Amino acid sequence: MSSPAVRTVAAVGERTRRRPRIRVSRDGLSTLAFLLPMLLIFGLFSWFPIVRSLIMSVQETNLVSTPTFVGLDNFARVVADPLFGKAVSNTAYFALLALIIGYPIPLVLAVVMSETRRFKGLYSALAYLPVVVPPVVSVLLWQFFFNASPTGVFNTMLGWVGLGPLPWLQDSGTAMPSIVLEATWAGAGGTVIIYLAALLSVPRELYDAAEVDGASIWQKIWHVTLPQLRGVLFITLILQLIATSQLFTEPFLFTGGGPANATLTVLLLIYHYAFQNSLGGDYGMAAALSIMLAAFLGVFTAVYFRLTRSWSTTS
Amino acid sequence: MKLRGSTRRRRSALPTGRGIISDSELHRPRVRWTLRLIHGVTLILLLIIGLGPLLWLAKSSITPTQDTIRTPMSLWPHGFDLGTFARAWSQTHIDRYFLNTVWIAVGSWFVQILVATTGGYALSVLRPRFARVLTALVLATLFVPSIVLLVPLYLTIVDVPFLHMKLINSFWAVWLPAGASAFNVLLMKRFFDNLPREVFEAAQVDGAGPFRLFWSIVVPMSRPIIGVVSVFAVIGQWKDYLWPLLVLPDPNNQPLSVRLPTLQPTTQLDVFLAALAIATLIPIVLFLVFQRMFLKGGDLSGAVKG
């Protein structure tokens, strides 16, 4: 799998080897008793389904008839589906918009917040608050805010500054950006907290040294803070891309993929294949598309870490 | 890895108060006032964006429907009506869905804690010969996107292999898969790894067996991490939507998150907004009570995910 996985496995192995083993008992049975819940739960609900999804992707399976081996047929049918291209480009579009709108905001917020000397807790609590709101509640609430009539919440606010009204979710051009706005609101707080922790780990001596060299505040941010955050910035970027490529709840509840499939994402398509098929679930196609997405993410992550390794490990 | 190291450095860096801007720079009036301005604007923006929608929800849930539709942003509507909460609670049967949510969250919490503590204990303290392989297998699942599991896991719930049980419409369908959290197991294992081995040895000399050691030594010493995992387990379950939607098709068993979207078309707006407010209450209260856990947890999750 990807190189960070391998590296972490190695790290875990190393630590285990170094510490002397404690003989608690010679009774293997009690060890097994403690392992049992994990083995059962992971076996049935994690390891087995992972293997099963690989098998299902090369089978025609619909719960009714016995599964038959069809080779790569499911993959071919997914790729041939005209909605497949649409879903992929929509998901990529969402990821790109979320990157442009959603990626810089937490960083700027965290840098500003880390310089406060009073009410630090208040700032971070406010930034984090939307994260704990259940996604379904935020979507239903924002759906009301996005009301396209001139008396909708956002359109009223736009009216105060002489803009709008915008069609928000009802137009294929503005639907996706609207969803990105809500998703950014709901997710930014978590990233702010990660950056705040990382900002604290920047060695203070570096700032002192930069000042001795006559650096201004902006120069310190540009030449000390951001380079020191590189590692974290790379990780949050890839985590965000992985998360945005699995977008489901927002388009599912906001628009159901509409208008005119403008917000149909890959996950929504998988859901359609498996659970909203009038001919019974096509689980093979759903599994094939899931595996294609997972494989893409795996390869993308591996390449990404290979490319950024030389920049991110020197700190 | 990299982040793990930074956690350690962070503690030593904490006492020195300065950040990017030095004290001498702060004494310059221009810097001081610009900074105050930026902080003031940020605070106001955070209040509007972070707290605003929730305050709006609180206000509108007790505002007559017509006012909310016609002038959603007015501060003083024509009268308030606290009865919406009572109507949402009893007439729309939010009480039932609320209890379902609580019950689902409690069960998932129990399974998650059981699997994570016993599994972490076995892998970290008892350490059988194949512990390293098992740890690697658990770790590997972290790298599989959850979407890969969706369909096969659903089919597993429809017909549990070897046992041949159908768990659809049963809370077990949510409880049991929740336990398969590699994040929890590894977090617990890492915490147990750092407990002082001398205490275990002393307990052994006093004749404690593996069960006694687990229950009387390891669990009490691990209260902080069990608390963290518990709070995140409950909030995570409260927020979950897709999975309970798939495995609990019977409305009588569905949690709030699944029920709310289907209630929307048939419920009056003020009552519906009251229902939304009720669904948000518990996570917000948990967050306010356990704030430190959430706001310090950032680097924790980052370290394992990375």
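Remember, predicted model here, so these are calculated numbers, not experimental data.

**Q** Mind showing me how you'd approach the overall build of chain A here?
**A** Counting its regular elements, chain A contains 14 helices and two strands. Buried residues in chain A amount to 42% of all 315 residues.

**Q** Which parts of the structure should I look at to understand the overall build of chain B?
**A** For chain B, the helix and strand inventory stands at 18 helices and zero strands. Computed over C-alpha atoms, the radius of gyration of chain B comes to 25 Å, more than 25% over the 19 Å expected from 2.2 N^0.38 for 306 residues, which places it beyond the range of a compact globule. The contacts in chain B between residues at least 6 apart in sequence include a share of 73% that link residues at least 24 apart.

**Q** How do you make sense of the interface of chain B and chain A when you look at a structure like this?
**A** A common way to express how large an interface is: the accessible area buried when the components associate. Taken together, the 102 residues of chain B in the interface contact 97 residues of chain A. With 13 residues, the top contributor of residues to the side of chain B that touches chain A is helix α3 (residues 29-60) of chain B. Of the residues in the side of chain B that touches chain A, the class split is 65 nonpolar, 23 polar and 14 charged.

**Q** Mind showing me how you'd approach the packing of helix α6 (residues 120-132) of chain A against helix α9 (residues 175-200) of chain A here?
**A** Describing two packed helices takes the angle between their axes plus the distance from one axis to the other. All names here are of chain A. Running from N to C, α6 and α9 point in directions that differ by 135°, and their axes come no closer than 6 Å. Here α6 is positioned oblique relative to α9, judged by the angle of their axes. In this structure, the crossing between α6 and α9 has a hand that is left-handed. When α6 is examined against α9, the residues Ser 124, Ala 127, Tyr 128, Leu 129, Pro 130 and Val 131 are found in contact with a partner set consisting of Trp 185, Ala 186, Gly 187, Gly 189, Gly 190, Val 192, Ile 193 and Leu 196. Residues of the contact of α6 with α9, tallied by class, amount to ten nonpolar, four polar and no charged.

**Q** Please clarify how the confidence of the model for chain B should be interpreted in this entry.
**A** Caution applies to low-pLDDT regions: their predicted coordinates should not be interpreted in detail. All names here are of chain B. In the predicted model, chain B carries a mean pLDDT of 84, and the fraction of residues at 70 or more is 91%. Between residues 1-16, whose pLDDT stays under 50, and residues either more than four places distant or in other chains, the model counts 25 contacts. Counting interchain partners and residues more than four positions distant, the pLDDT-below-50 stretch residues 298-306 has 22 contacts. The ipTM value of the predicted complex is 0.83, and its pTM value is 0.83.

**Q** In this structure, what is going on with the nonpolar core? I would like to understand it.
**A** Generally speaking, nonpolar side chains in soluble globular proteins are found buried as a group. With 154 residues, the main nonpolar core has A:Tyr195, A:Ile270, A:Ala286, A:Leu289, B:Ala275 and B:Leu276 as its most contacted residues. Examining the composition of this core, we find that 15 residues originate from one element, α9(A), more than from any other. There are two domains that each give this core at least three residues, and those are domain 1 (22-89) and domain 2 (93-305) of chain B. Setting aside residues up to four positions removed in sequence, A:Ala286 forms contacts with A:Ile270, A:Tyr273, A:Ala274 and B:Val151.

**Q** Just checking my understanding: could you explain the domain arrangement of chain B for this structure?
**A** Residue and element names in this part refer to chain B. If you check the domain split of chain B, you get domain 1 (22-89) and domain 2 (93-305). Of the residues lining the interface, 15 residues belong to domain 1; the matching set on domain 2 comes to twelve residues. When residues of the side of domain 1 that touches domain 2 are traced back to their parent elements, those giving at least two are α3, α4 (65-70) and α5 (83-90). When residues of the side of domain 1 that touches domain 2 are assigned to their parent elements, the largest contribution, five residues, is made by α5. In terms of residue class, the side of domain 1 that touches domain 2 is made up of seven nonpolar, six polar and two charged.

**Q** Quick question: what am I supposed to make of the packing of helix α7 (residues 131-142) of chain B against helix α10 (residues 182-193) of chain B here?
**A** Residue and element names in this part refer to chain B. Two elements in contact, α7 and α10, have axes whose closest approach is 8 Å; the angle formed by their N-to-C orientations is 135°. As the angle between them shows, α7 and α10 are arranged oblique. Note on packing geometry: the crossing formed by α7 with α10 is left-handed. On α10, the residues that touch Val 138, Leu 139, Thr 141 and Leu 142 of α7 are Ala 182, Phe 183, Val 185 and Leu 186. Among the residues forming the contact of α7 with α10, the class breakdown is seven nonpolar, one polar and no charged.

**Q** Got a minute to help me understand the confidence of the model for chain A in this structure?
**A** Across chain A, the average pLDDT comes to 84, with 89% of residues at or above 70. Long-range and interchain partners of residues 1-18 of chain A, a stretch whose pLDDT sits below 50, account for 27 contacts in this model, where long-range means more than four residues apart.

**Q** Please clarify how the environment of B:Leu167 should be interpreted in this entry.
**A** Residue and element names in this part refer to chain B. Structurally, Leu 167 can be placed in the loop between α8 (146-158) and α9 (172-178). Along the backbone, Leu 167 and Val 247 are 80 residues apart, and their C-alpha atoms lie at a distance of 7.9 Å. What Leu 167 contacts, discounting residues up to four positions off in sequence, is Ile 157, Val 160, Trp 172 and Ala 173.

**Q** When you look at the environment of B:Gly79 in this model, what are you seeing that I'm missing?
**A** Tracing the backbone shows B:Gly79 in the loop between α4 and α5. For the pair formed by B:Gly79 and B:Val285, sequence separation is 206 residues and the distance between their alpha carbons is 27 Å.

**Q** Is there a simple way to think about the environment of B:Val174 in this case?
**A** Residue and element names in this part refer to chain B. Mapped onto the secondary structure, Val 174 falls in helix α9. The sequence separation of Val 174 and Thr 92 amounts to 82 residues, and the corresponding C-alpha distance is 24 Å. Here Val 174 is in contact with Ile 104, Ser 108, Trp 243, Pro 244 and Val 247, once residues within four sequence places are set aside.

Parameters and conventions
Residues numbered from 1 in each chain as written. Chains lettered and ligands numbered in written order. Predicted model: local features only at pLDDT ≥ 70, side-chain atom pairs only at ≥ 80, totals over all residues. Helix = DSSP H or I, 4+ residues; strand = E, 2+ residues; numbered from the N terminus. Buried ≥ 20, exposed ≤ 12 C-beta atoms within 10 Å, placed from the backbone. Rg over C-alpha atoms; globule rule 2.2 N^0.38 Å. Contact = placed C-beta atoms within 7 Å. Nonpolar A, V, L, I, M, F, W, Y, C, P; charged D, E, K, R; others polar. Axes fitted to C-alpha atoms, helices over the stretch in contact; angles between N-to-C directions. Parallel < 35°, antiparallel > 145°, perpendicular 65-115°, else oblique. Left-handed = near helix turned anticlockwise from the far one by under 90°. pLDDT = per-residue confidence, 0-100. Core = buried A, V, L, I, M, F, W, Y, C linked by C-beta atoms within 7 Å. Domains from an automatic or database assignment.

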